[in-house]
Amino acid sequence: MHQFKRLRNIFADKASFIARRMLSEQSRKWVIRDFVGEGGVSIGMAHGVLEAMHKKGYIERPKRGPGSYARLTNAQDLIDQWVAEYRFEYNEIDTYYSADKNILPKLKKYLKNKPYALTFHSGANLITSYVINYDQIHLYFDPADWKSELLDLRQQLDLKELVRGGNIHIVRPYYKKSVFYGVQTIKGYKVVSNLQLYLDLYTFHPRGQQHAEYLKKTLEEEGKNPYGS
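Residues numbered from 1 in each chain as written. Predicted model: local features only at pLDDT ≥ 70, side-chain atom pairs only at ≥ 80, totals over all residues. Heavy atoms only, no water.

### Observations regarding the packing of aromatic side chains
Evaluated as defined, the whole model comprises 13 aromatic pairs. With a centroid separation of 6.2 Å and an interplanar angle of 45 degrees, the aromatic rings of F141 and W146 are classed as tilted. Assigned by exposure class, F141 and W146 land together as buried. Connected via pairs of aromatic rings, a cluster forms that spans Y86, Y90, Y174 and Y175. (Phe/Tyr/Trp six-rings, centres within 6.5 Å; stacked < 30°, edge-to-face > 60°. Buried < 20%, exposed > 50% of the residue type's maximum accessible area, 1.4 Å probe, protein only.)

See below:
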């Protein structure tokens, strides 16, 4: 009971790994060991999260004991609730300005071997080209030494710090364990998973919800999983 209470938020950073995996392969039958080990969660956490998901009606668990498994049966309700609870503002954001119209390729070159991923319109546009002439760049960045590497990035790319405004938004992720799960490479750029794009976009202004729905529709029409990568 203690474990279940502690894990009541299935959308918390590490706990969300289970929902992310299940959404990426929605017809699969999952067993506990699929979620544990390197890059995964503990056995106790997996048990607790699956039990919480079952109680909420997102999954079915037809068997118990040695032959037990779980299967996602209500993906849309799961997504809808996640969107309702998700808060992008929990991330830390440093905003800078660059007058360079060619700054995105330069960012890509600088960040090539570093932990980054584009999000919002700058990431989704690489799939949809939905928002035309959008000059804002949002990217997650999670280096080992935030202060020194952020300073180096600013100096190498001549990013300016303004009193207000800016077009380069460097995001230190709140989802430290899971935001990079399913990162994909599109046109040479690292982009968060389709699921993370959808979560980030949905409550973003301007035109975030419209872009999220258009992204979902585009991926489905192409026969791709809108919540995978």
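### Things to note about the confidence of the model for the chain
Overall, the predicted model of the chain reaches an average pLDDT of 92, with 97% of residues at or above 70. A low-confidence stretch, residues 1-7 stays under pLDDT 50, and its non-local contacts, those more than four residues away or across chains, total 10 contacts. (pLDDT = per-residue confidence, 0-100. Contact = heavy atoms within 4.5 Å.)

### Description of the environment of G40
As for its position among the elements, G40 is in the loop between α2 (16-24) and α3 (43-55). Here the alpha-carbon distance between G40 and Q136, two residues 96 residues apart in the chain, equals 33 Å. (Helix = DSSP H or I, 4+ residues; strand = E, 2+ residues; numbered from the N terminus.)

### With respect to the packing of α2 against helix α4 (residues 75-85)
Between α2 and α4, whose axes approach to 11 Å, the crossing angle comes to 140 degrees. On the basis of their axis angle, the class for α2 and α4 is oblique. In this structure, α2 crosses over α4, and the sense of that crossing is left-handed. Packed against α2, whose contacting residues are S16, A19, R20 and L23, the element α4 presents A75, L78, I79 and W82 at the interface. Partitioned by chemical class, the residues of the contact of α2 with α4 number 6 nonpolar, 1 polar and 1 charged. (Axes fitted to C-alpha atoms, helices over the stretch in contact; angles between N-to-C directions. Parallel < 35°, antiparallel > 145°, perpendicular 65-115°, else oblique. Left-handed = near helix turned anticlockwise from the far one by under 90°. Nonpolar A, V, L, I, M, F, W, Y, C, P; charged D, E, K, R; others polar.)

### Considerations on the packing of helix α8 (residues 194-202) against helix α9 (residues 208-221)
Packed helices, taken two at a time, are described by the angle between their axes plus the distance between the axes. Running from N to C, α8 and α9 point in directions that differ by 155 degrees, and their axes come no closer than 7 Å. Relative to α9, the element α8 is oriented roughly antiparallel. Contacts from N194, L197, Y198, L201 and Y202 of α8 reach α9 at G208, Q209, H211, A212, E213, L215, K216 and L219. Counted by class, the contact of α8 with α9 contains 7 nonpolar, 4 polar and 2 charged residues.

### Let's talk about helix α6 (residues 120-128)
A large share of α6 lies buried, amounting to 9 of its 9 residues. Residues F120, H121, S122, G123, A124, N125, L126, I127 and T128 constitute the buried set of α6. On the buried face of α6, the contacting elements are β4 (116-119), β5 (137-141), β7 (184-186), β8 (189-191), α8 and α9. Looking one or two places after α6, you find S129, whose phi comes out positive at around 55 degrees.

### Section: the side chain of D34
Within the secondary structure layout, D34 lies in the loop between α2 and α3. Accessibility expressed as a relative area gives 18% for D34, which makes it buried. A distance of 2.9 Å separates a polar atom in the side chain of D34 from the backbone nitrogen of V31. Sequence-distant contacts of D34, defined by excluding residues within four places in its chain, comprise R21, R28 and K29. (Polar contact = N/O pair within 3.5 Å; in protein donor to acceptor, adjacent residues only side chain to side chain.)

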